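These are the residues of each chain, in order.
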There are 2 protein chains.
Amino acid sequence: MDQNIKNLNKELNQNPASRQGTDIKKDEKYMREAIRQAKKAYALEEAPIGCVIVYRDKIIGRGYNRRTVDKNTLAHAELTAIRKACRKMEDWRLEECTMYVTLEPCQMCSGAIVQARIPRVVVGCMNPKAGCAGSILNLLDMKEFNHQADLTIGVLGEECSEMMKQFFRELRERQKAKKKS
Amino acid sequence: MDQNIKNLNKELNQNPASRQGTDIKKDEKYMREAIRQAKKAYALEEAPIGCVIVYRDKIIGRGYNRRTVDKNTLAHAELTAIRKACRKMEDWRLEECTMYVTLEPCQMCSGAIVQARIPRVVVGCMNPKAGCAGSILNLLDMKEFNHQADLTIGVLGEECSEMMKQFFRELRERQKAKKKS
């Protein structure tokens, strides 16, 4: 499974044009905004995950991972963006919206996407060990639920993936230094 | 599947003693508190779902469904209870806690339970059409995730189920009356 996803990430990074039928320029523009959000998490020494939600070419919700600083299970990038988008739309349904997120969503956030009825999700890089939009399972595309979301993966995937790798490299170094002191 | 769960609900309601190794009196006591929460939702004409989270014999988080009144996808009973419990525990991990919820959690809330690492969940009645703690799938018990939760179902199940049925009966009546007027 891991290897398959690595290959898929690689293929999509090398040849994003293989994603037909989507506006690649627009997707990259909003993924850049999601990366900007992720960098706010990184600055707080949180895993750098960022998310924006777009409605009719306007960002209506932003979020970044604050789980550790906020001491809150729910402080994932996607949930924060959904909460803010709901406030903006004055609706618990986010129909006609697109979510851009730097890392494949976990089981909670994938579930929230289905609950919010978001029709399209664009993911930077996959999370083979814990992702629930294709890696462990795909909650976004289960016929048993009353909603399914379209999925595009690999938009600025290399950049999103490098950001995560750097974070974990530095985290390990911090932990090593802590042990020594 | 539906029929299996109906039979299971029935069996557990008729013979709760078949749930061995759990303190039934205590489970019922906290499920009553979850039902109290659910009734707050019912009073707002929301689907009557309530939840409490217990740590060392003390309720540290309460929640009830406010999705429509709050216009917020995240305003499910379980997520509200988790958010409050995290604040109380000053931790995003809710280890050693038990969640009591009147209805089987959806995909988002089941995901949040795993993310919060809640070790035990007690459910009133099952939700065959949308539940993700055994009905559609069981997110609480997937070996691929880094956490699994123990599950007890059918505690005051008849009462929880009757509350839901009454809500939907009255909702249909309200909708019918609306159409006529």
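Right above here is the structure, for reference.
These figures come from a predicted structure and were not determined experimentally.

Peer 1: When you look at the overall build of chain A in this model, what are you seeing that I'm missing?
Peer 2: The helix and strand tally for chain A stands at 6 helices and 5 strands. Going from the N terminus to the C terminus, chain A shows its helices and strands as α-α-β-β-α-α-β-α-β-β-α. When each of the 181 residues of chain A is scored for burial, the buried share is 48%. Across chain A, contacts joining residues at least 24 apart in sequence account for 58% of those joining residues at least 6 apart.

Peer 1: Just checking my understanding: could you explain the interface of chain B and chain A for this structure?
Peer 2: When the parts of a complex come together, some accessible area is lost, and that lost area is often taken as the interface size. At the junction of the two partners, chain B supplies 25 residues and chain A supplies 25 residues. Breaking the side of chain B that touches chain A down by element, the ones donating at least two residues are α4 (77-89) and α5 (107-115) of chain B. Take the side of chain B that touches chain A: its biggest share by element is 7 residues, from α5 of chain B. Residues of the side of chain B that touches chain A, tallied by class, amount to 13 nonpolar, 6 polar and 6 charged.

Peer 1: Looking at this structure, I do not really get the environment of tyrosine 55 of chain B. What am I missing?
Peer 2: Residue and element names in this part refer to chain B. Within the fold, tyrosine 55 resides in strand β1 (residues 50-55). Tyrosine 55 sits in the partly exposed class, given 16 other C-beta atoms within 10 Å. Those residues in contact with tyrosine 55 that sit more than four places away from it in its chain are Ile60, Met89, Glu96 and Cys97.

Peer 1: Help me understand the sheet that holds strand β3 (residues 97-103) of chain B, please; the structure alone is not making it clear to me.
Peer 2: Within a sheet, each strand pairs with its neighbour through backbone hydrogen bonds, oriented either parallel or antiparallel. Residue and element names in this part refer to chain B. Spatially, the 5 strands line up as an open sheet ordered β2-β1-β3-β4-β5, and their pairing is mixed. Edge positions in the sheet fall to β2 (58-64) and β5 (150-153), since each of these pairs with one other strand and no more. Each strand of the sheet is rotated relative to its neighbour by a mean of 15°, with strand direction disregarded. Docked against the sheet, α4 engages β1, β2 and β3, running at close to 145° with respect to β2.

Peer 1: Would you take a moment to explain unusual backbone geometry for this structure?
Peer 2: With the exception of glycine, most residues fall at negative phi, and the peptide bonds are largely trans. Residues other than glycine seldom take positive phi values, yet glutamate 96 of chain A does so here, at roughly 70°. Checked against the element boundaries, glutamate 96 of chain A lands in the loop between α4 (77-89) and β3 (97-103).

Peer 1: Would you take a moment to explain the nonpolar core for this structure?
Peer 2: The nonpolar side chains of soluble globular proteins are, as a tendency, buried together. Met99 of chain A together with Met99 of chain B are the most contacted members of the largest nonpolar core, which has 108 residues in total. Setting aside chain neighbours within four positions, we find methionine 99 of chain B in contact with Cys51, Ile53, Glu78, Ala81, Ile113, Ile118, Val121 and Val122 of chain B.

Peer 1: Please clarify how the relation of the copies chain B and chain A should be interpreted in this entry.
Peer 2: Note: a rotation about an axis with an accompanying shift along it relates these two copies of the chain. Superposition of chain B onto chain A requires a rotation of 180° combined with a translation of 0.0 Å along the rotation axis, giving an RMSD of 0.0 Å. Taken together, the rotation and translation relating the two chain copies correspond to the operation of a two-fold axis. Among all residues of chain B, the one whose C-alpha sits closest to the rotation axis is methionine 108 of chain B, at a distance of 2.3 Å. With an isologous cut-off of 70% or more, the 100% of interface residues of chain B that recur at the interface of chain A puts this contact in the isologous class.

The rules behind the values
- Residue positions within a chain follow its written sequence, with the count starting from 1.
- Starting at A for chains and at 1 for ligands, labels are handed out in the order in which the entities are written.
- In keeping with the predicted nature of the model, local features appear solely for residues at pLDDT of at least 70, side-chain atom pairs appear and are counted solely at 80 or more, and the whole-chain, interface and lining totals rest on all residues.
- Secondary structure elements are defined from DSSP: runs of H or I of at least 4 residues count as helices, runs of E of at least 2 residues count as strands, and each element is numbered from the N terminus.
- Any residue whose C-beta has 12 or fewer other C-beta atoms within 10 Å is treated as exposed, any with 20 or more as buried, and any in between as partly exposed, C-beta atoms being built from the backbone.
- Here, residues touch in the contact sense if the C-beta positions derived from the backbone fall within 7 Å of one another.
- In the scheme used here, Gly and all other residues not listed as nonpolar or charged are polar, with Ala, Val, Leu, Ile, Met, Phe, Trp, Tyr, Cys and Pro taken as nonpolar and Asp, Glu, Lys and Arg as charged.
- The rule for pairing is simple: two strands pair if DSSP sees at least two bridges between them.
- In this analysis, axes come from line fits to C-alpha atoms, helices being fitted only over the stretch in contact, and the angle between any two N-to-C directions falls in the range 0 to 180 degrees.
- Each nonpolar core reported here comprises buried Ala, Val, Leu, Ile, Met, Phe, Trp, Tyr and Cys residues connected via C-beta atoms within 7 Å.
- Superposition of the copies was done by least squares, using only C-alpha atoms of residues whose pLDDT is at least 70 in both.

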